[in-house]
Amino acid sequence: MKLNTIKNRYAVRLLFTFICAWSIEQQAFSQNISVRGVVTDVDNEPLIGVNVKVIGENTGTSTDIDGQFSLNCPPESRLEFSYIGYVTQQLPARQNMTIIMQEDAILLQETVVVGVGYGTMRKSDLTGAITSVSKDDFKQGVVTSAEQLLQGKVAGLSVVQGSGDPSAGATVRLRGGTSLSAGNSPLVVIDGIPGVDMNTVQPSEIVSIDILKDASASAIYGSRGANGVIIVTTNRSASDTERSSIDYNGYVAIGTVAKNMDLLSADQWRGYVRENNIPNAIDYGGNTDWQKELQRTAITHSHNLFFTNIGKNGGYSASFTYLNSQGVIENSAMERLSGSIAAHQYALDRRIKLEAGVTGNFDEWNPVDTRIFERSANLNPTVPVYDRSGNYTSIGGTNTENPVELNNNRFADDSRHRFLGYGKVEVKLMEELKASANVSYEYNSRQRRFYVPTYAVMEGQAEKGRGERSLGDYKVMQIETYLNYDKQLNEKHRLGALLGYSYMDNMYEGFGSTRRGFDTDAFLYNNLAAGGDYRAGDVYSYKGSSALASFFGRINYNFMSRYMVTATLRNDGSSRFGENHKWGWFPSASAAWRLSEEEFMTGTSDWLDNLKLRLGYGVTGNQDGIGDYKSLSLLGADGASYYDPATGTWKKSYTPIQNHNPDLKWESTAQFNLGIDFGLFNRVNGTIELYSKKTKDLLWTYPVPQPPYLVGTMLANVGDLTNKGVELSLSANIMRQKDFTWDANFSIAYNKQEITKLSNEVFQDAGLQSGSLHGLRGLSGIYAQIIKEGYPVGAFYGPRCIGLDKDGKYVLNTDAEGNPVNEYLGSAQPKWNMGFAMNATYKNFDMSIATYGMFGQKVLNATYMSMYDPTRLPAQNVPDDFLSSGIKSDPVFSDYWVEDGSFFRLQSVTLGYSVDYFKKWGLNKVRFYVTGENLFNITGYSGVDPEVSTELVNPDTGEIGSPGIDRYNIYPRPRTVSFGLNVSF
């Protein structure tokens, strides 16, 4: 045995002895008694997670997987045992206890759902389409953005992770997009504060997420709720459950690239040259896999500490998280430090509740130049990374830069700071009436730092270095006040009402600068004044603001827990709207009927636990597409320069850049929803939803005549867009025994989208080309998609390919004159979204499996379309399959390369083990686990990965993007294995 091992064991034993001695001393000093027990139901099955607290003390715990608990408390104490759906019990403390919990039918019917907008409602009272996801059901493994938690978990919610970059977010769609020129992501509400960036809080801090799908549920948010609402509840949100604990959650993950393109190796390239007797083919003597030269094994580790101390009249919670996530591409990484603290206090006999909190996170990451992915596919594999002198090899030519040099000879350091502070006051005016006021301040800042040194072969030498700096700030201040009334009038009638006012002010500003011509690289991007070359447009700045005022109300009525009605109304006034439409009304109504409570359903009680029919209709709006000042006539310094004789200088002239539009208003979405909730055999619960959404007054930029208009284009409300679909959600308690539990969840959703209108008498648009293929060899000026009436968003549009002729040329479908006939080739949007997950426990072991899939969407493999080109060899590289493809044509866009992008992915598998041994040291929970992610992907797509971005509008630039197009610049998706630890004490 090695000496170091003996020393380590001796040190561990000393530490254990000290901890045990300290624990014994503390027990003797406090004179507490040790209480142990087990909690079961009437069938003697253990109940997991029962809350056990010492009445009058700040001490408590919960039962483990075997229904067992242990705690220390003063002699003659009384313990309270509480569990949702069971009658609360208070019993005197004894050293050994056995507690049998009785089911409470009333409590089972009154399980609450956190998050219906400005309050909570009992699940039995819900009339809208709301899906709740708890922490136990979140995505496992490496999570760098909060949206990833919901991937494959909610029917109708599409979460597309189009990149493996650790700093990249996800595209989120709920029941299809509703806009052509605005964001299509749902509104996010965090701990009651609407419009907050979801990544302001860390994934480890989130305990539940509620998704408001239909307009009857989301209309309470008016002109912000057209795309649905995601309500996030964090562990910092005040809770009345008395407890004191410290939790640690951490993991280390190892990631490698899951799949690369199959390109010719150097030996295959040489064999091709020999077999085809190609003259002038240059063999550079190398044997380089350019894709792997850019890649690495990535290490990610995350650590979270959560503290909470909550008593009868108040308490606090705090959370700290550190994340360091390497990307599988060299030089790419993200580092995050975040923290939050919240406190609440009751006063005046718990009639007043005060709450305040702050959270902040700081991200720093190194973005990659996405051109490296195209270059790594293009370069001849016989070219070595370095020449004989040790310098980066450079052979010149179009798109053949050395990708390793391009990746290494640059300094890109981006950062993003998010801050959220809030304060809340809740006053109980009467037992059934509460008044609330919330004030919040959100600040987001992003800074970009970039420098190409003078010695960089491809860019730096030509410009003698280039430095860039930019900074953008975004601030939002909100105040909301509202009254909540909730009263059980008598045995049959229950009434709830909400009345409120909201005001939001947001401001954004920023600037940027670029400089070239540096004599030294010593300053990098930190001294732009050292550059001697600057050009028009190198310096810019901007600033803008907007305001939104709202009045809102809601009424809920429940009769005999059988018939429920909900009605909402919101009136929004926005500075973004034109003067003729400053204010907008957003109503909704929904009703529910619990058929299972009717007398004629009595005979079904042995197999039908619940049957509820829901019907809802509402109108919501979307003001994001308008932007600030879009209804006003604006001037800009974009005109020709003129000579000022008074000063002897040339000056910029100002010219109209935007037309006045007093009728500019919000896009409105009217949605009809029919839902059925059911429970079978006390084991299976399910929901079926049918919906129809119609978005009117779509915002689009149209050509207009000059005169009478001063500018040739104008933003106007004209178009219509429909989404229709059906959703099914199932959850099952397959097995629930003392030593073994097994649960499963399944969801599937179908959505069909169509643009039904784009023109009227004034504004005409026959169809807009999108999906530009500019930059791909031989495809400049070619568009792969169209935005047109009768088609969905992201519609591929072009000629069909009949096949290849005897010369290997594409044969396209043509008209009588020989011109290619363009037609609809499919949509980038999936028709079906599916998720399936299972969770099981056996004694101290736990296991979870999660999968998801998307079906029916098309993906344009623009990468292979460009690379299956005979002129590439021998100077460049091609995929292996090209040699047997028979293609001898220049690249041509057609349906030949529009592939079925359907896939089914094994998202994660987790195996955990909870150790009971440490409970005698005061550790309530010690769990070790291992998680594998992206273990396999079943697809017929020929490219690397069919899950590509479906974003129509670039969120950073507002420009029309290229949804569903795979074109080189896709950061490879990793396959990871994580090793984690959860500790609670």
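It should be noted that the structure appears before, not after, this text.
Residues numbered from 1 in each chain as written. Predicted model: local features only at pLDDT ≥ 70, side-chain atom pairs only at ≥ 80, totals over all residues. Heavy atoms only, no water.

Colleague: Quick one: what's the story with the sheet that holds strand β3 (residues 60–62), residue by residue and with numbers?
Modeller: With antiparallel pairing, 4 strands are arranged side by side in an open sheet as β3-β2-β5-β6. Each end of this open sheet is capped by a strand with a single partner; those strands are β3 and β6 (89–92). Looking at each pair of strands side by side, their axes are set apart by 20° on average, direction ignored. Here strand β2 (residues 51–54) runs beside β3; their pairing, made up of 3 bridges, is antiparallel. Bridge assignment links N51 to a residue of β3, and that residue is S62. (Pairing = 2+ DSSP bridges. Helix = DSSP H or I, 4+ residues; strand = E, 2+ residues; numbered from the N terminus. Axes fitted to C-alpha atoms, helices over the stretch in contact; angles between N-to-C directions.)

Colleague: Any details on the sheet that holds strand β16 (residues 229–234)? Residues and values, ideally.
Modeller: Spatially, 5 strands are ordered β10-β15-β16-β13-β14 in an open sheet, and the strand pairing comes out mixed. Bordering the open sheet on either side are β10 (130–134) and β14 (193–194), each of which pairs with just one other strand. Relative to β14, strand β13 (residues 187–190) is paired through 2 bridges, and the arrangement is antiparallel. Following the sheet pairing, V189 is matched in β14 by P194.

Colleague: Hey, could you go over the pairing of β13 for me, with residue numbers and the actual values?
Modeller: Side chains L187 and V189 of β13 all project onto a buried face; the interleaved residues V188 and I190 project onto the opposite face, where all are buried too. Of the pairings in the sheet, the one linking β13 to β16 comprises 4 bridges and is parallel in character. Bridged to V189 within β16 is I231. (Buried < 20%, exposed > 50% of the residue type's maximum accessible area, 1.4 Å probe, protein only.)

Colleague: Got a sec to walk through the pairing of strand β23 (residues 433–452)? Specific residues and values, please.
Modeller: In the sheet, strand β22 (residues 411–430) pairs with β23 via 19 bridges, with the strands oriented antiparallel. Along β23, the bridge assignment pairs H417 with S445. In sequence, β22 turns back onto β23 through a hairpin of 2 residues. For β23 and strand β24 (residues 466–488), the ladder comprises 20 bridges, and the chain directions are antiparallel. Paired with A435 across the strands is L483, a residue of β24.

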